[in-house]
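These are the residues of each chain, in order.
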Amino acid sequence: MPILNIKNLIHKYMTYDDSEKNQEIRAIDDVSFSVEKGEFIAILGRNGSGKSSLAKHINGLLLPTEGAVYVKGMDTRNQEEILQIRQSAGIVFQNPDNQIVGAVVDEDVAFGPENMGRPTEDIWRRVTKALEDVGMTAYKEASPNRLSGGQKQRIAIAGIMAMEPECIILDEPTAMLDPQGRQHVLSLVKELNQEKNITILMVTHHMEEVLLADRVIVMQEGKIAADGTPKEIFSQVEKLKKIGLEVPPAAELAYELRKEGIPLKDQIITKEELVEELCRFV
Amino acid sequence: MSIRLENVSYKYDENTKEKSYALKNIKLEIKKGEFVGIVGHTGSGKSTLIQHLNGLLKPSGGKVFYNERDIFETGFPLRELRGKVGVCFQYPEYQLFEVTVLDDVCFGPMNFGKTRQEAEEISRRALLDVGIEESIFHKSPFELSGGQRRRAAIAGILAMEPEYFVLDEPTAGLDPAGRDQILNLLKELHEKKGIAIILVSHSMEDVAACADRVVVMSHGKILYDGDKREVFSHEKELKEVGLSVPFYRSLAGDLRERGFMIREDVLTLEETKDAIMDILRKKRNNA
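This is a predicted model, so every value here is computed, not measured. (Residues numbered from 1 in each chain as written. Chains lettered and ligands numbered in written order. Predicted model: local features only at pLDDT ≥ 70, side-chain atom pairs only at ≥ 80, totals over all residues.)

Caption draft 1: Seen up close, the overall build of chain B. Within chain B one finds 11 helices and 10 strands. The C-alpha radius of gyration of chain B comes to 21 Å, within 12% of the 19 Å expected for a compact globule of 287 residues. For the C-alpha atoms alone, the extent of chain B along its principal axes is close to 70 × 55 × 30 Å. Residues counted as buried form 44% of the 287 residues belonging to chain B. Long-range pairs, those at least 24 residues apart, make up 63% of the contacts in chain B between residues at least 6 apart in sequence. (Helix = DSSP H or I, 4+ residues; strand = E, 2+ residues; numbered from the N terminus. Rg over C-alpha atoms; globule rule 2.2 N^0.38 Å. Buried ≥ 20, exposed ≤ 12 C-beta atoms within 10 Å, placed from the backbone. Contact = placed C-beta atoms within 7 Å.)

Caption draft 2: Broad picture of the overall build of chain A. Per the secondary structure count, chain A includes 11 helices and 10 strands. By the compact-globule yardstick of 19 Å for 282 residues, chain A fits well, its C-alpha radius of gyration being 20 Å. Each principal axis of the C-alpha atoms in chain A carries an extent, and together these give about 65 × 50 × 45 Å. Out of the 282 residues in chain A, the part that is buried amounts to 46%. For chain A, the proportion of contacts with a sequence separation of at least 24, taken over those separated by at least 6, is 63%.

Caption draft 3: A look at the interface of chain A and chain B. Each side of the interface is counted separately: chain A has 26 residues, and chain B has 28 residues. For the side of chain A that touches chain B, the secondary-structure elements that each account for two or more residues are helix 6 (179-196), helix 10 (249-259) and helix 11 (271-279) of chain A. Here the residues of the side of chain A that touches chain B sort into 14 nonpolar, 5 polar and 7 charged. (Nonpolar A, V, L, I, M, F, W, Y, C, P; charged D, E, K, R; others polar.)

Caption draft 4: Quick peek at the pairing of strand 6 (residues 89-92) of chain A. Residue and element names in this part refer to chain A. Taking every second residue as pointing to the same face, both faces of strand 6 are buried, with A89 and I91 on one and G90 and V92 on the other. Alignment of strand 6 against strand 7 (residues 167-171), held across 4 bridges, turns out to be parallel. Bridge pairing links V92 to L170 in strand 7. (Pairing = 2+ DSSP bridges.)

Caption draft 5: Local environment of the sheet that holds strand 5 (residues 69-70) of chain B. Residue and element names in this part refer to chain B. Read from one edge to the other, the open sheet built from 4 strands follows the order 2-1-4-5, with strand pairing classed as antiparallel. Taken across any chain shown, the strands that pair with only one partner, and hence form the sheet edges, are strand 2 (21-31) and strand 5. Sheet topology places strand 1 (residues 2-11) next to strand 2; 7 bridges connect them, and they run antiparallel. By the bridge assignment for strand 2, V8 is matched with I26.

Caption draft 6: The arrangement of the sheet that holds strand 3 (residues 40-44) of chain A in detail. All names here are of chain A. Strand order in the open sheet formed by 6 strands is 6-7-8-3-9-10, with mixed pairing between adjacent strands. Either end of the sheet is taken by a strand with one partner, and the two such strands are strand 6 and strand 10 (223-228). For this sheet the average axis-to-axis angle between neighbouring strands, irrespective of direction, equals 20 degrees. Looking at chain direction, strand 7 and strand 8 (residues 199-203) are connected through 5 bridges and run parallel. Within the sheet, the bridge partner assigned to D171 lies in strand 8 and is V203. Each of strand 3, strand 6, strand 7, strand 8 and strand 9 (215-220) touches helix 1 (residues 51-58); the most contacted strand, strand 8, lies at about 150 degrees to it. Against the sheet, helix 5 (residues 149-161) engages strand 6 and strand 7, with an angle of about 165 degrees to strand 6. (Axes fitted to C-alpha atoms, helices over the stretch in contact; angles between N-to-C directions.)

Caption draft 7: Looking closely at the packing of helix 3 (residues 105-115) of chain A against helix 4 (residues 120-133) of chain A. Residue and element names in this part refer to chain A. Closest axis-to-axis distance for the helix 3/helix 4 pair is 9 Å, and the angle between their directions is 125 degrees. Between helix 3 and helix 4, the crossing angle belongs to the class labelled oblique. In the packing of helix 3 onto helix 4, the handedness of the crossing is right-handed. In this structure, helix 3 contributes D106, V109, A110, P113 and E114 to the contact, and helix 4 contributes D122, I123, R126, V127, A130 and L131. Grouping the constituent residues of the contact of helix 3 with helix 4 by class yields 7 nonpolar, no polar and 4 charged. (Parallel < 35°, antiparallel > 145°, perpendicular 65-115°, else oblique. Left-handed = near helix turned anticlockwise from the far one by under 90°.)

Caption draft 8: Examining the environment of R79(B) more closely. Note on placement: R79(B) falls in helix 2 (residues 78-84). Sequence separation of R79(B) and F112(B) is 33 residues, and the distance between their C-alpha atoms is 8.6 Å.

Caption draft 9: Fine view of the nonpolar core. With 159 residues, the main nonpolar core has I43(A), A158(A), A155(B), V166(B), I198(B) and L199(B) as its most contacted residues. If sequence neighbours within four positions are ignored, A158(A) has contacts with V109(A), A130(A), L131(A), D133(A), V134(A) and M136(A). (Core = buried A, V, L, I, M, F, W, Y, C linked by C-beta atoms within 7 Å.)

Caption draft 10: Seen up close, the pairing of strand 4 (residues 66-71) of chain A. All names here are of chain A. Summarising the sheet, strand 1 (residues 4-15) and strand 4 pair through 5 bridges and their orientation is antiparallel. Residue pairing in the sheet places L4 in a bridge with V71 of strand 4. Two strands pair when backbone bridges link them, and strand 4 and strand 5 (residues 74-75) are joined in this way by 2 bridges, in the antiparallel orientation. By the bridge assignment for strand 5, Y70 is matched with D75. Between strand 4 and strand 5, which pair antiparallel in sequence order, lie 2 residues; one of them, K72, sits at a positive phi of approximately 50 degrees.

Caption draft 11: Representation of the environment of G38(A). All names here are of chain A. Within the secondary structure, G38 is located in the loop between strand 2 (23-35) and strand 3. Expressed as a C-alpha distance, the spacing of G38 and G244, which sit 206 residues apart in the sequence, is 30 Å. When sequence neighbours within four positions are dropped, the list of residues in contact with G38 reads N197 and T199.

So this is what it looks like as structure tokens:
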């Protein structure tokens, strides 16, 4: 059974305006896909393409207008199962300052398991383990507001890990971080995926981040415009540019050189691949 | 015509511990009409530096000159300076507060003594310059997209008609299309209106694409200051202080190591493509 199954998902909302007529917007417009346990998926798309709305459906923060979202077979519309769904699939948001509730790091991380009604020893076991997982044990008694953005994001991830989830959804988790903070968060996410087999769905604009994933889903105007491996997706340079997305610089340069008649092989997306290929010509 | 920092130091508290210095002995002159990129690791002093450019912070040591006048001497019109040197902080859209976009942009010029009518005229122009259409002027800032909000906030500073425009990470958190809009806007302000742009950024690509001159900060000091091609030739030293060089510059380095002798100082896609094609054409002609 896939861990996530999204079936003909539609999400509509209305905008109200003093002067203009009320308008119906389809943030998500008939989207279907499924995710197997252990996949690392990057969700790519312009602002307003529906990627964040999609992310919020996965743990029931938004509910489908039509269609359905199943997490481990549980329907997010079923209120009785919503707590269990949120334990299985946790979400990390863009702004590290908006998701910390505790005055001390370990209390913050304990928030989830506390709400699950776990016994005290079990809460502390989970907190200790989660802080270890994200490499923040040394800060367990620190005040979150003295941490850097990258450290706060790691605490936010620990808060989810403490619920022992199977899936983590990250909505542009590095958008507000500096390059070092970004690197720390990304290597953590990759490690959780590879070593703990946690399923990852990460919304992002950054090409280097997309290249970490096994699979890329490209959203455009509420629909899935492409779904495949990074190599498959990024060799479609023209299509991506038309959608208004960035292409990894190596792929873009390879594309430009091919246009000049240089017979480079297909599916070059990293600097190393491009260097290797160009050296064949000298 | 310039802003000049003469041996500027800034420390957080009066304990003269070495550690508490955010800036140490900075010598920097930015002339009217320049486009300068400022890069540096988090904590390197970039933000502290830019707050000295319009007197938001007072140096603990050294002096700041605007057109060769010490800005902290008695009688210097500091308030006017803040109109001439506009500073756009990170996430400026969080500072939008008025009922409509146009009102928000009018706030600055009206504070600088313009009448409502004058302010509106300037503000309309500023909004159009940043690519915000007339139809959005009377909307609430909260109805706008993230990229639009950011541009509206930038218009708020432009409406003060600055000669120098300092921006701290103006593209952070935007999607690629939003980022390109902002960068193109800065290039236009620089080229068409002659406004000096001081761009603080983590993105070497953005700086390489827009700025002419790059200042590298590290531990409160200026590590490099010069033409962007010269500064980005120090790949090894930049890496040591936690910075990278633009992708194409790094690609050129790797190619040269493998005997593909492309010119070293490329910074953009176009330049790199041309440089590679030159070499491949020569090969073809020799064969």
